[in-house]
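One-letter residues, chain by chain:
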Amino acid sequence: MSNVQKAEGKLGVLVVGLGAVSSTFMTGVLMARKGLTKPVGSMTQYDKMRVGKGADKKYLKYDQIVSMASLDDIVFGAWDVYPDNAYESAIRCEVLKEKDINPVKDELEAIVPMKAAFDHNYAKRLNGENVKTCKDRWDMTEQLRQDIRDFKAKTGVNRVVVLWAASTEVYVPINEKVHYTLADLEAAMKANDCENIAPSMCYAYAALTEGAPFIMGAPNTTVDIPAMWELAEKTKMPIAGKDFKTGQTLVKSGFAPIIGTRCLGLNGWFSTNILGNRDGLVLDEPANFRTKEVSKLSTLESILVAENQPDLYGQNCGGCGNDHDGYYHKVRINYYPPRNDDKEGWDNIDIFGWMGYPMQIKINFLCRDSILAAPLCLDLVLLSDLSARAGRYGTQRFLSFFLKSPMHDYTKNEVPVNHLFQQYVMLKNAIREMGGYEADEPID
Ligand SMILES: NC(=O)c1ccc[n+]([C@@H]2O[C@H](COP(=O)([O-])OP(=O)(O)OC[C@H]3O[C@@H](n4cnc5c(N)ncnc54)[C@H](O)[C@@H]3O)[C@@H](O)[C@H]2O)c1
(Lines give C-alpha, C1' and ligand atoms only; values in the text may rest on other atoms or scores of the structure.)
Protein backbone atom coordinates (compact mmCIF):
# COMPACT_ATOMS: atom_id res chain seq x y z
CA MET A 1 0.00 0.00 0.00
CA SER A 2 1.28 3.43 -0.91
CA ASN A 3 1.13 6.00 1.88
CA VAL A 4 1.81 8.92 -0.43
CA GLN A 5 -0.60 11.84 -0.10
CA LYS A 6 -2.84 12.08 -3.15
CA ALA A 7 -2.01 14.72 -5.77
CA GLU A 8 -5.10 16.82 -5.16
CA GLY A 9 -5.66 20.36 -6.41
CA LYS A 10 -3.42 22.45 -8.60
CA LEU A 11 0.36 22.29 -8.71
CA GLY A 12 2.16 25.63 -8.99
CA VAL A 13 5.37 25.47 -11.00
CA LEU A 14 7.47 28.55 -10.38
CA VAL A 15 10.35 28.71 -12.79
CA VAL A 16 13.39 30.89 -12.20
CA GLY A 17 14.37 32.16 -15.65
CA LEU A 18 11.95 32.49 -18.53
CA GLY A 19 14.34 31.75 -21.37
CA ALA A 20 14.71 29.04 -23.99
CA VAL A 21 14.33 26.00 -21.73
CA SER A 22 11.43 27.26 -19.65
CA SER A 23 9.43 28.75 -22.51
CA THR A 24 9.83 25.48 -24.45
CA PHE A 25 8.81 23.49 -21.38
CA MET A 26 5.74 25.65 -20.75
CA THR A 27 4.64 25.72 -24.39
CA GLY A 28 4.94 21.94 -24.63
CA VAL A 29 2.90 21.33 -21.48
CA LEU A 30 0.16 23.75 -22.58
CA MET A 31 0.08 22.30 -26.11
CA ALA A 32 0.07 18.70 -24.85
CA ARG A 33 -2.85 19.25 -22.56
CA LYS A 34 -4.84 20.58 -25.48
CA GLY A 35 -3.95 17.42 -27.34
CA LEU A 36 -1.96 19.43 -29.90
CA THR A 37 1.39 17.78 -29.30
CA LYS A 38 2.93 14.82 -27.49
CA PRO A 39 5.23 15.09 -24.46
CA VAL A 40 7.93 12.99 -26.12
CA GLY A 41 11.00 12.30 -23.99
CA SER A 42 9.17 12.55 -20.68
CA MET A 43 9.54 9.49 -18.47
CA THR A 44 6.58 10.44 -16.28
CA GLN A 45 4.34 10.54 -19.35
CA TYR A 46 5.62 7.46 -21.19
CA ASP A 47 7.85 5.11 -19.24
CA LYS A 48 6.49 1.79 -18.04
CA MET A 49 8.27 -0.11 -15.32
CA ARG A 50 7.92 -3.55 -13.87
CA VAL A 51 6.29 -4.00 -10.50
CA GLY A 52 5.89 -7.39 -8.87
CA LYS A 53 7.77 -10.52 -9.84
CA GLY A 54 7.21 -13.81 -11.64
CA ALA A 55 3.56 -14.48 -12.41
CA ASP A 56 2.56 -11.22 -10.63
CA LYS A 57 4.71 -8.93 -12.70
CA LYS A 58 3.10 -6.03 -14.53
CA TYR A 59 4.46 -3.11 -16.52
CA LEU A 60 2.83 0.12 -15.42
CA LYS A 61 3.18 3.82 -16.05
CA TYR A 62 4.26 5.92 -13.06
CA ASP A 63 0.81 7.36 -12.43
CA GLN A 64 -0.60 3.83 -12.33
CA ILE A 65 1.87 3.00 -9.56
CA VAL A 66 1.59 6.12 -7.43
CA SER A 67 -0.52 9.28 -7.38
CA MET A 68 1.06 11.87 -9.68
CA ALA A 69 0.05 15.39 -10.65
CA SER A 70 -1.15 15.55 -14.24
CA LEU A 71 -0.37 18.11 -16.93
CA ASP A 72 -3.83 19.60 -16.38
CA ASP A 73 -2.96 20.39 -12.76
CA ILE A 74 -0.02 22.64 -13.59
CA VAL A 75 -0.16 26.42 -13.13
CA PHE A 76 2.98 28.27 -14.25
CA GLY A 77 4.68 31.33 -12.84
CA ALA A 78 8.20 32.70 -13.36
CA TRP A 79 10.87 35.23 -12.49
CA ASP A 80 13.21 36.79 -15.04
CA VAL A 81 15.68 39.60 -15.41
CA TYR A 82 13.93 40.60 -18.65
CA PRO A 83 10.23 41.56 -18.74
CA ASP A 84 9.21 39.42 -21.75
CA ASN A 85 6.24 37.19 -21.06
CA ALA A 86 6.41 33.49 -21.90
CA TYR A 87 4.96 34.04 -25.38
CA GLU A 88 7.46 36.76 -26.24
CA SER A 89 10.26 34.65 -24.84
CA ALA A 90 9.23 31.56 -26.84
CA ILE A 91 9.13 33.65 -30.03
CA ARG A 92 12.45 35.37 -29.29
CA CYS A 93 14.28 32.15 -28.46
CA GLU A 94 13.27 30.58 -31.79
CA VAL A 95 13.35 27.05 -30.46
CA LEU A 96 9.82 26.33 -31.61
CA LYS A 97 8.02 27.33 -34.76
CA GLU A 98 5.28 29.92 -34.39
CA LYS A 99 2.67 27.38 -35.48
CA ASP A 100 3.60 25.34 -32.37
CA ILE A 101 3.34 28.37 -30.07
CA ASN A 102 0.36 30.35 -31.33
CA PRO A 103 -2.39 27.90 -30.26
CA VAL A 104 -1.46 28.62 -26.61
CA LYS A 105 -0.55 32.28 -27.10
CA ASP A 106 -3.09 33.60 -24.56
CA GLU A 107 -1.95 31.26 -21.83
CA LEU A 108 1.70 32.04 -22.48
CA GLU A 109 1.07 35.78 -22.51
CA ALA A 110 -0.45 35.47 -19.07
CA ILE A 111 2.86 34.16 -17.71
CA VAL A 112 4.55 37.46 -16.94
CA PRO A 113 7.81 37.21 -15.04
CA MET A 114 8.09 38.61 -11.54
CA LYS A 115 11.12 40.80 -10.88
CA ALA A 116 14.26 38.74 -10.60
CA ALA A 117 16.53 38.42 -7.59
CA PHE A 118 19.66 39.20 -9.53
CA ASP A 119 23.23 40.35 -9.10
CA HIS A 120 25.02 41.44 -12.23
CA ASN A 121 28.31 40.06 -10.91
CA TYR A 122 26.84 36.57 -11.20
CA ALA A 123 26.01 36.83 -14.92
CA LYS A 124 27.85 39.77 -16.44
CA ARG A 125 26.41 39.32 -19.91
CA LEU A 126 22.85 39.98 -18.76
CA ASN A 127 21.54 43.53 -18.54
CA GLY A 128 17.80 43.25 -17.96
CA GLU A 129 15.84 45.79 -15.93
CA ASN A 130 13.21 43.53 -14.41
CA VAL A 131 15.19 43.24 -11.22
CA LYS A 132 14.32 43.66 -7.55
CA THR A 133 15.94 46.36 -5.47
CA CYS A 134 17.23 44.62 -2.39
CA LYS A 135 18.85 45.92 0.76
CA ASP A 136 20.85 42.76 1.26
CA ARG A 137 20.68 39.03 0.55
CA TRP A 138 18.32 38.48 3.45
CA ASP A 139 15.93 41.09 2.06
CA MET A 140 16.26 39.41 -1.36
CA THR A 141 15.14 36.13 0.22
CA GLU A 142 12.25 37.77 2.06
CA GLN A 143 11.00 39.36 -1.17
CA LEU A 144 11.11 35.99 -2.94
CA ARG A 145 9.19 34.38 -0.08
CA GLN A 146 6.53 37.04 -0.48
CA ASP A 147 6.38 36.33 -4.24
CA ILE A 148 5.72 32.65 -3.54
CA ARG A 149 3.00 33.47 -1.02
CA ASP A 150 1.39 35.96 -3.42
CA PHE A 151 1.49 33.41 -6.26
CA LYS A 152 -0.22 30.83 -4.06
CA ALA A 153 -2.89 33.29 -2.97
CA LYS A 154 -3.53 34.56 -6.49
CA THR A 155 -3.74 31.18 -8.21
CA GLY A 156 -5.14 29.04 -5.40
CA VAL A 157 -2.63 26.29 -6.06
CA ASN A 158 -2.37 23.55 -3.52
CA ARG A 159 1.38 22.97 -3.78
CA VAL A 160 4.36 24.70 -5.38
CA VAL A 161 7.62 23.44 -6.85
CA VAL A 162 10.43 25.88 -7.67
CA LEU A 163 12.64 25.02 -10.63
CA TRP A 164 15.84 26.89 -11.50
CA ALA A 165 16.09 27.12 -15.30
CA ALA A 166 17.91 30.44 -15.23
CA SER A 167 21.40 31.22 -16.49
CA THR A 168 24.42 29.55 -14.98
CA GLU A 169 25.92 31.77 -12.31
CA VAL A 170 29.64 32.26 -11.80
CA TYR A 171 31.32 29.48 -9.90
CA VAL A 172 30.91 29.80 -6.14
CA PRO A 173 33.52 27.59 -4.46
CA ILE A 174 32.26 25.88 -1.33
CA ASN A 175 33.35 27.86 1.69
CA GLU A 176 33.19 25.86 4.90
CA LYS A 177 32.79 29.00 7.00
CA VAL A 178 29.61 30.02 5.18
CA HIS A 179 28.12 26.98 3.46
CA TYR A 180 28.43 24.25 6.07
CA THR A 181 25.74 25.20 8.59
CA LEU A 182 22.38 26.87 8.24
CA ALA A 183 23.24 29.36 10.99
CA ASP A 184 26.34 30.48 9.10
CA LEU A 185 24.43 30.70 5.82
CA GLU A 186 21.72 32.85 7.39
CA ALA A 187 24.32 35.05 9.08
CA ALA A 188 26.06 35.56 5.73
CA MET A 189 22.75 36.50 4.08
CA LYS A 190 22.09 39.03 6.81
CA ALA A 191 25.64 40.38 6.52
CA ASN A 192 25.09 40.72 2.75
CA ASP A 193 28.05 38.50 1.90
CA CYS A 194 27.56 38.80 -1.86
CA GLU A 195 30.65 36.78 -2.69
CA ASN A 196 29.45 33.62 -0.98
CA ILE A 197 25.69 34.00 -1.31
CA ALA A 198 24.56 33.67 -4.91
CA PRO A 199 21.09 34.95 -5.82
CA SER A 200 20.16 31.33 -6.57
CA MET A 201 20.69 30.54 -2.88
CA CYS A 202 18.08 33.14 -2.01
CA TYR A 203 15.59 31.42 -4.35
CA ALA A 204 16.36 28.04 -2.82
CA TYR A 205 16.11 29.34 0.72
CA ALA A 206 12.80 31.05 -0.07
CA ALA A 207 11.36 27.94 -1.75
CA LEU A 208 12.29 25.56 1.05
CA THR A 209 11.02 27.85 3.79
CA GLU A 210 7.75 28.34 1.92
CA GLY A 211 7.22 24.57 1.71
CA ALA A 212 8.25 24.11 -1.93
CA PRO A 213 10.75 21.56 -3.25
CA PHE A 214 13.68 23.18 -5.08
CA ILE A 215 15.34 21.83 -8.23
CA MET A 216 18.64 23.18 -9.57
CA GLY A 217 18.72 22.72 -13.34
CA ALA A 218 21.98 24.63 -13.86
CA PRO A 219 25.35 23.52 -12.51
CA ASN A 220 25.28 26.10 -9.67
CA THR A 221 26.35 24.81 -6.26
CA THR A 222 23.27 26.46 -4.70
CA VAL A 223 21.72 23.49 -2.88
CA ASP A 224 24.81 21.36 -3.10
CA ILE A 225 26.04 22.59 0.28
CA PRO A 226 25.49 21.17 3.79
CA ALA A 227 23.71 24.34 4.98
CA MET A 228 20.95 23.77 2.40
CA TRP A 229 20.74 20.09 3.26
CA GLU A 230 20.16 21.20 6.85
CA LEU A 231 17.44 23.60 5.73
CA ALA A 232 15.79 20.89 3.60
CA GLU A 233 15.81 18.58 6.59
CA LYS A 234 14.40 21.27 8.86
CA THR A 235 11.57 22.17 6.49
CA LYS A 236 11.12 18.52 5.36
CA MET A 237 11.42 19.53 1.72
CA PRO A 238 13.05 17.64 -1.18
CA ILE A 239 15.91 19.15 -3.15
CA ALA A 240 17.35 17.95 -6.44
CA GLY A 241 20.33 18.91 -8.55
CA LYS A 242 22.31 19.73 -10.36
CA ASP A 243 22.41 20.54 -14.09
CA PHE A 244 19.94 18.94 -16.50
CA LYS A 245 21.49 15.92 -18.18
CA THR A 246 20.49 16.58 -21.76
CA GLY A 247 22.85 16.12 -24.71
CA GLN A 248 26.50 15.33 -24.50
CA THR A 249 26.51 14.18 -20.89
CA LEU A 250 23.52 11.93 -21.50
CA VAL A 251 25.46 10.31 -24.30
CA LYS A 252 28.54 10.08 -22.09
CA SER A 253 26.76 8.46 -19.16
CA GLY A 254 25.12 5.99 -21.53
CA PHE A 255 28.18 5.29 -23.65
CA ALA A 256 30.91 5.08 -20.99
CA PRO A 257 29.32 1.91 -19.56
CA ILE A 258 29.94 0.22 -22.95
CA ILE A 259 33.66 0.83 -22.53
CA GLY A 260 33.59 -0.16 -18.87
CA THR A 261 31.55 -3.35 -19.18
CA ARG A 262 33.69 -4.64 -22.05
CA CYS A 263 36.91 -3.86 -20.09
CA LEU A 264 38.25 -1.68 -22.87
CA GLY A 265 40.78 0.97 -21.92
CA LEU A 266 40.36 4.73 -22.19
CA ASN A 267 43.18 7.00 -23.11
CA GLY A 268 41.26 10.21 -23.55
CA TRP A 269 37.81 11.71 -24.10
CA PHE A 270 37.51 15.10 -25.73
CA SER A 271 34.07 16.71 -25.82
CA THR A 272 33.32 19.97 -27.52
CA ASN A 273 30.15 21.86 -28.40
CA ILE A 274 28.99 24.83 -30.39
CA LEU A 275 25.96 26.64 -29.09
CA GLY A 276 24.48 30.03 -29.90
CA ASN A 277 21.62 30.75 -27.50
CA ARG A 278 21.69 33.04 -24.46
CA ASP A 279 22.90 30.13 -22.35
CA GLY A 280 25.89 29.88 -24.71
CA LEU A 281 26.45 33.62 -24.39
CA VAL A 282 26.52 33.44 -20.58
CA LEU A 283 28.80 30.40 -20.70
CA ASP A 284 31.19 32.32 -22.96
CA GLU A 285 32.24 34.15 -19.79
CA PRO A 286 35.08 32.05 -18.27
CA ALA A 287 33.83 32.32 -14.66
CA ASN A 288 30.39 31.03 -15.71
CA PHE A 289 31.89 28.30 -17.88
CA ARG A 290 33.96 27.14 -14.89
CA THR A 291 30.71 26.15 -13.12
CA LYS A 292 29.64 24.11 -16.15
CA GLU A 293 33.05 22.56 -16.62
CA VAL A 294 33.22 21.26 -13.06
CA SER A 295 29.79 19.74 -13.54
CA LYS A 296 30.52 18.14 -16.90
CA LEU A 297 33.88 16.72 -15.89
CA SER A 298 32.53 14.74 -12.96
CA THR A 299 30.59 12.27 -15.12
CA LEU A 300 33.30 9.90 -16.29
CA GLU A 301 35.29 9.53 -13.08
CA SER A 302 32.63 7.57 -11.26
CA ILE A 303 31.86 5.30 -14.24
CA LEU A 304 35.38 4.49 -15.41
CA VAL A 305 37.14 4.41 -12.06
CA ALA A 306 40.91 4.63 -12.11
CA GLU A 307 41.45 2.92 -8.73
CA ASN A 308 39.33 -0.07 -9.70
CA GLN A 309 41.06 -0.66 -13.04
CA PRO A 310 44.48 0.99 -13.10
CA ASP A 311 45.46 -0.74 -16.35
CA LEU A 312 42.38 0.54 -18.13
CA TYR A 313 41.69 3.95 -16.55
CA GLY A 314 44.47 4.69 -14.10
CA GLN A 315 48.17 5.45 -14.13
CA ASN A 316 49.10 2.79 -16.63
CA CYS A 317 46.30 3.46 -19.07
CA GLY A 318 46.88 3.34 -22.74
CA GLY A 319 50.64 3.38 -22.99
CA CYS A 320 49.96 7.01 -23.65
CA GLY A 321 53.40 8.41 -23.03
CA ASN A 322 52.22 8.90 -19.47
CA ASP A 323 52.41 12.64 -19.36
CA HIS A 324 49.07 12.46 -17.60
CA ASP A 325 47.84 10.32 -14.77
CA GLY A 326 44.86 8.34 -16.00
CA TYR A 327 42.76 9.19 -19.00
CA TYR A 328 42.60 12.74 -20.30
CA HIS A 329 39.14 14.27 -20.14
CA LYS A 330 38.45 17.64 -21.67
CA VAL A 331 35.16 19.49 -22.15
CA ARG A 332 34.67 22.69 -24.13
CA ILE A 333 31.65 24.84 -24.97
CA ASN A 334 32.03 27.43 -27.71
CA TYR A 335 29.59 30.27 -28.22
CA TYR A 336 28.60 30.33 -31.89
CA PRO A 337 25.50 32.49 -32.55
CA PRO A 338 24.49 31.11 -35.99
CA ARG A 339 23.42 27.83 -34.39
CA ASN A 340 21.22 29.39 -31.71
CA ASP A 341 19.59 26.54 -29.74
CA ASP A 342 20.64 23.85 -32.21
CA LYS A 343 23.69 22.70 -30.35
CA GLU A 344 26.19 20.46 -32.03
CA GLY A 345 28.38 18.27 -29.89
CA TRP A 346 31.44 16.28 -30.90
CA ASP A 347 33.02 13.58 -28.84
CA ASN A 348 36.32 12.04 -29.74
CA ILE A 349 37.01 8.98 -27.64
CA ASP A 350 40.45 7.40 -27.70
CA ILE A 351 40.10 3.87 -26.47
CA PHE A 352 42.45 0.90 -26.55
CA GLY A 353 41.94 -2.83 -26.75
CA TRP A 354 43.81 -6.11 -26.79
CA MET A 355 47.53 -5.61 -26.19
CA GLY A 356 46.97 -1.88 -25.90
CA TYR A 357 46.15 -1.24 -29.56
CA PRO A 358 44.46 2.17 -29.99
CA MET A 359 41.08 2.82 -31.59
CA GLN A 360 38.83 5.85 -31.90
CA ILE A 361 35.14 6.48 -31.59
CA LYS A 362 33.54 9.70 -32.85
CA ILE A 363 30.10 10.84 -31.86
CA ASN A 364 28.48 13.81 -33.54
CA PHE A 365 25.22 14.77 -31.86
CA LEU A 366 23.15 17.38 -33.67
CA CYS A 367 20.69 18.11 -30.97
CA ARG A 368 18.34 20.80 -29.81
CA ASP A 369 19.19 21.95 -26.34
CA SER A 370 15.80 23.04 -25.10
CA ILE A 371 13.94 20.20 -26.80
CA LEU A 372 16.04 17.82 -24.72
CA ALA A 373 15.74 19.86 -21.52
CA ALA A 374 11.97 20.47 -21.54
CA PRO A 375 10.88 16.91 -20.68
CA LEU A 376 13.48 16.83 -17.90
CA CYS A 377 11.90 19.95 -16.41
CA LEU A 378 8.53 18.23 -16.44
CA ASP A 379 9.82 15.00 -14.92
CA LEU A 380 11.88 16.73 -12.24
CA VAL A 381 8.95 18.91 -11.24
CA LEU A 382 6.39 16.09 -11.09
CA LEU A 383 8.74 13.71 -9.29
CA SER A 384 9.85 16.35 -6.77
CA ASP A 385 6.20 17.04 -6.02
CA LEU A 386 5.73 13.30 -5.58
CA SER A 387 8.69 13.16 -3.18
CA ALA A 388 7.22 15.95 -1.07
CA ARG A 389 3.87 14.16 -0.87
CA ALA A 390 5.69 10.96 0.06
CA GLY A 391 7.38 12.76 2.96
CA ARG A 392 10.84 12.40 1.42
CA TYR A 393 13.15 15.31 2.12
CA GLY A 394 16.73 16.37 1.50
CA THR A 395 18.66 15.33 -1.60
CA GLN A 396 16.60 13.11 -3.88
CA ARG A 397 19.29 10.83 -5.22
CA PHE A 398 16.80 8.87 -7.30
CA LEU A 399 16.55 11.92 -9.55
CA SER A 400 20.25 11.60 -10.48
CA PHE A 401 19.01 10.01 -13.72
CA PHE A 402 18.03 13.46 -14.96
CA LEU A 403 21.10 15.31 -13.76
CA LYS A 404 24.60 15.83 -15.03
CA SER A 405 26.28 16.30 -11.69
CA PRO A 406 24.12 14.47 -9.15
CA MET A 407 24.21 15.74 -5.60
CA HIS A 408 25.61 13.45 -2.95
CA ASP A 409 26.94 13.91 0.57
CA TYR A 410 30.61 14.57 -0.12
CA THR A 411 31.20 15.33 3.58
CA LYS A 412 30.61 11.61 4.19
CA ASN A 413 32.63 10.52 1.16
CA GLU A 414 29.47 9.38 -0.60
CA VAL A 415 30.14 8.98 -4.31
CA PRO A 416 27.71 10.21 -6.98
CA VAL A 417 26.09 7.69 -9.28
CA ASN A 418 26.63 8.79 -12.88
CA HIS A 419 26.13 5.48 -14.67
CA LEU A 420 22.88 5.94 -16.62
CA PHE A 421 21.60 2.42 -16.06
CA GLN A 422 22.35 2.41 -12.33
CA GLN A 423 20.56 5.74 -12.12
CA TYR A 424 17.57 4.25 -13.90
CA VAL A 425 17.39 1.45 -11.33
CA MET A 426 17.49 4.03 -8.52
CA LEU A 427 14.63 5.90 -10.19
CA LYS A 428 12.52 2.78 -10.63
CA ASN A 429 13.15 1.49 -7.12
CA ALA A 430 12.16 4.81 -5.56
CA ILE A 431 8.89 4.90 -7.51
CA ARG A 432 8.19 1.28 -6.65
CA GLU A 433 8.72 2.04 -2.96
CA MET A 434 6.54 5.14 -3.03
CA GLY A 435 3.89 3.08 -4.79
CA GLY A 436 3.94 0.53 -1.97
CA TYR A 437 5.87 -2.12 -3.91
CA GLU A 438 9.18 -3.69 -3.01
CA ALA A 439 12.32 -1.99 -4.38
CA ASP A 440 13.55 -5.23 -5.86
CA GLU A 441 16.17 -4.39 -8.49
CA PRO A 442 19.77 -4.46 -7.29
CA ILE A 443 21.97 -1.51 -8.23
CA ASP A 444 25.24 -3.07 -9.34
N1 LIG B 1 19.19 23.24 -22.53
C2 LIG B 1 19.99 22.36 -22.03
O3 LIG B 1 20.28 21.35 -22.65
C4 LIG B 1 20.57 22.55 -20.66
C5 LIG B 1 21.24 21.51 -20.07
C6 LIG B 1 21.74 21.66 -18.79
C7 LIG B 1 21.55 22.85 -18.12
N8 LIG B 1 20.94 23.87 -18.73
C9 LIG B 1 20.83 25.11 -17.98
O10 LIG B 1 19.52 25.59 -17.97
C11 LIG B 1 19.58 27.00 -17.80
C12 LIG B 1 18.62 27.66 -18.77
O13 LIG B 1 19.07 27.48 -20.11
P14 LIG B 1 18.40 28.34 -21.29
O15 LIG B 1 18.93 27.81 -22.56
O16 LIG B 1 16.94 28.44 -21.08
O17 LIG B 1 19.05 29.77 -21.03
P18 LIG B 1 18.43 31.19 -21.40
O19 LIG B 1 19.59 32.13 -21.34
O20 LIG B 1 17.61 31.14 -22.63
O21 LIG B 1 17.42 31.50 -20.20
C22 LIG B 1 17.85 31.78 -18.91
C23 LIG B 1 17.03 32.94 -18.39
O24 LIG B 1 17.38 33.12 -17.02
C25 LIG B 1 17.29 34.51 -16.74
N26 LIG B 1 17.99 34.75 -15.50
C27 LIG B 1 19.32 34.79 -15.25
N28 LIG B 1 19.57 35.01 -13.95
C29 LIG B 1 18.37 35.09 -13.34
C30 LIG B 1 17.97 35.31 -12.01
N31 LIG B 1 18.86 35.48 -11.03
N32 LIG B 1 16.64 35.34 -11.73
C33 LIG B 1 15.72 35.17 -12.72
N34 LIG B 1 16.06 34.97 -14.00
C35 LIG B 1 17.35 34.94 -14.31
C36 LIG B 1 17.88 35.15 -17.99
O37 LIG B 1 17.48 36.50 -18.10
C38 LIG B 1 17.32 34.26 -19.09
O39 LIG B 1 16.13 34.76 -19.64
C40 LIG B 1 21.04 27.41 -17.97
O41 LIG B 1 21.65 27.60 -16.72
C42 LIG B 1 21.63 26.22 -18.63
O43 LIG B 1 23.02 26.07 -18.35
C44 LIG B 1 20.41 23.76 -19.99
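Conventions adopted
- Residues numbered from 1 in each chain as written.
- Predicted model: local features only at pLDDT ≥ 70, side-chain atom pairs only at ≥ 80, totals over all residues.
- Helix = DSSP H or I, 4+ residues; strand = E, 2+ residues; numbered from the N terminus.
- Buried ≥ 20, exposed ≤ 12 C-beta atoms within 10 Å, placed from the backbone.
- Contact = placed C-beta atoms within 7 Å.
- Pairing = 2+ DSSP bridges.
- Axes fitted to C-alpha atoms, helices over the stretch in contact; angles between N-to-C directions.
- Domains from an automatic or database assignment.
- Nonpolar A, V, L, I, M, F, W, Y, C, P; charged D, E, K, R; others polar.
- Near = placed C-beta within 6 Å.
- Core = buried A, V, L, I, M, F, W, Y, C linked by C-beta atoms within 7 Å.
- Expected span 1.5 Å × (residues − 1).
- Parallel < 35°, antiparallel > 145°, perpendicular 65-115°, else oblique.
- Left-handed = near helix turned anticlockwise from the far one by under 90°.

1. Quick notes on the overall build of the protein chain
Secondary structure summary: the protein chain contains 16 helices and 13 strands in total. Once the C-alpha set of the protein chain is aligned to its principal axes, its extents read approximately 70 × 60 × 50 Å. Residues counted as buried form 50% of the 444 residues belonging to the protein chain. A separation of at least 24 residues holds for 78% of the contacts in the protein chain among residues at least 6 apart in sequence.

2. What to know about the sheet that holds strand β10 (residues 328-335)
In a beta sheet, neighbouring strands pair by backbone hydrogen bonds and run either parallel or antiparallel. Spatially, the four strands line up as an open sheet ordered β10-β9-β11-β12, and their pairing is mixed. Each edge of the open sheet is held by one strand with a lone partner, namely β10 and β12 (358-366). Strand-to-strand, the axes of this sheet are offset by a mean angle of 10 degrees, without reference to chain direction. Of the pairings in the sheet, the one linking strand β9 (residues 265-275) to β10 comprises eight bridges and is parallel in character.

3. A word on the domain arrangement of the protein chain
As a measure of interface size, the accessible area lost when the parts come together is often cited. According to the domain assignment, the protein chain contains domain 1 (11-244 + 370-434) and domain 2 (248-366). Taken together, the contact between domain 1 and domain 2 spans 28 residues of the former and 25 residues of the latter. The residue makeup of the side of domain 1 that touches domain 2, split by class, is 13 nonpolar, eight polar and seven charged.

4. Comments concerning the site of the ligand
Around the ligand sit 35 residues, and of these Gly17, Gly19, Val21, Ala218 and Arg278 come closest. When residues in the shell around the ligand are grouped by element, the largest group, four residues, is from helix α15 (residues 369-389). By residue class, the composition of the shell around the ligand is 20 nonpolar, ten polar and five charged.

5. Some words on the pairing of strand β6 (residues 159-164)
With six of six residues buried, β6 lies mostly within the body of the structure. Of the two faces of β6, the one carrying Arg159, Val161 and Leu163 and the one carrying Val160, Val162 and Trp164 are both buried. As defined by bridge partners, strand β1 (residues 11-16) adjoins β6 across six bridges and the pair is classed as parallel. Across the sheet, residue Leu14 finds its bridge partner in β6, namely Val162.

6. Topic: the sheet that holds strand β7 (residues 214-216)
Read across the sheet, seven strands follow the order β5-β4-β1-β6-β7-β8-β13 without closing on themselves; strand pairing throughout is parallel. Each having just a single partner strand, β5 (114-115) and β13 (394-395) make up the two edges of the open sheet. Against the sheet, α15 touches β1, β6, β7 and β8 (238-241), its axis set at about 135 degrees to β6.

7. Brief notes about the environment of Ala207
If you trace the backbone, Ala207 turns up in helix α9 (residues 199-209). Taking the number of C-beta atoms within 10 Å as the measure of exposure, Ala207 has 29 and is therefore buried. Taking the C-alpha atoms as reference points, Ala207 and Ser271, 64 residues apart in sequence, are found 35 Å from one another. Ignoring anything within four residues of it in the chain, the contact list for Ala207 reads Ile148, Val162, Ala212 and Phe214.

8. Examining the nonpolar core
Judged by nonpolar contacts, the single largest core of 118 residues is most densely connected at Val162, Leu163, Tyr203, Cys377 and Leu380. Here this core spans two domains, and each of domain 1 (11-244 + 370-434) and domain 2 (248-366) adds at least three residues to it. Counting residues in hydrophobic clusters, the runner-up holds twelve residues, among them Ala256, Ile259, Leu266 and Ile351.

9. Description of helix α10 (residues 226-235)
By the burial criterion, the buried members of α10 are Ala227, Met228, Trp229, Leu231 and Ala232. Those residues of α10 that are buried are in contact with α7 (176-179), α8 (182-190), α9, β8 and β13. Of the residues one or two after α10, Lys236 is the one with positive phi, at around 60 degrees.

10. Notes on unusual backbone geometry
In this structure, the amide linkage connecting Gly241 to the following residue, Lys242, adopts the cis form with an omega of 0 degrees. As for its position among the elements, Lys242 is in the loop between β8 and α11 (248-261). One non-glycine residue with positive phi stands out, namely Cys263, at about 55 degrees. Mapped onto the elements of the fold, Cys263 is located in the loop between α11 and β9. In this structure, Met355 is a non-glycine residue whose phi angle is positive, near 60 degrees. Looking at the secondary structure, you find Met355 in the loop between β11 (344-352) and β12. Since 6 C-beta atoms lie within 10 Å of it, Met355 is described here as exposed.

11. A closer look at α15
The terminal C-alpha atoms of α15, which comprises 21 residues, lie 31 Å apart, in line with the 30 Å expected from a rise of 1.5 Å per residue. Of all 21 residues making up α15, 20 are buried, and the element is well covered by its neighbours. One or two steps after α15, the chain reaches Gly391, where phi turns positive at roughly 75 degrees.

12. Some remarks on the packing of helix α6 (residues 137-155) against α9
Contact pair α6 / α9: the axes reach a minimum separation of 8 Å and the direction vectors enclose 45 degrees. Between α6 and α9, the angle falls in the class oblique. Of the two elements, α6 crosses α9, and the hand of that crossing is right-handed. Contact residues: Arg137, Met140, Thr141, Leu144, Arg145 and Ile148 in α6; Pro199, Cys202, Tyr203, Tyr205, Ala206, Ala207 and Thr209 in α9. The residue makeup of the contact of α6 with α9, split by class, is nine nonpolar, two polar and two charged.

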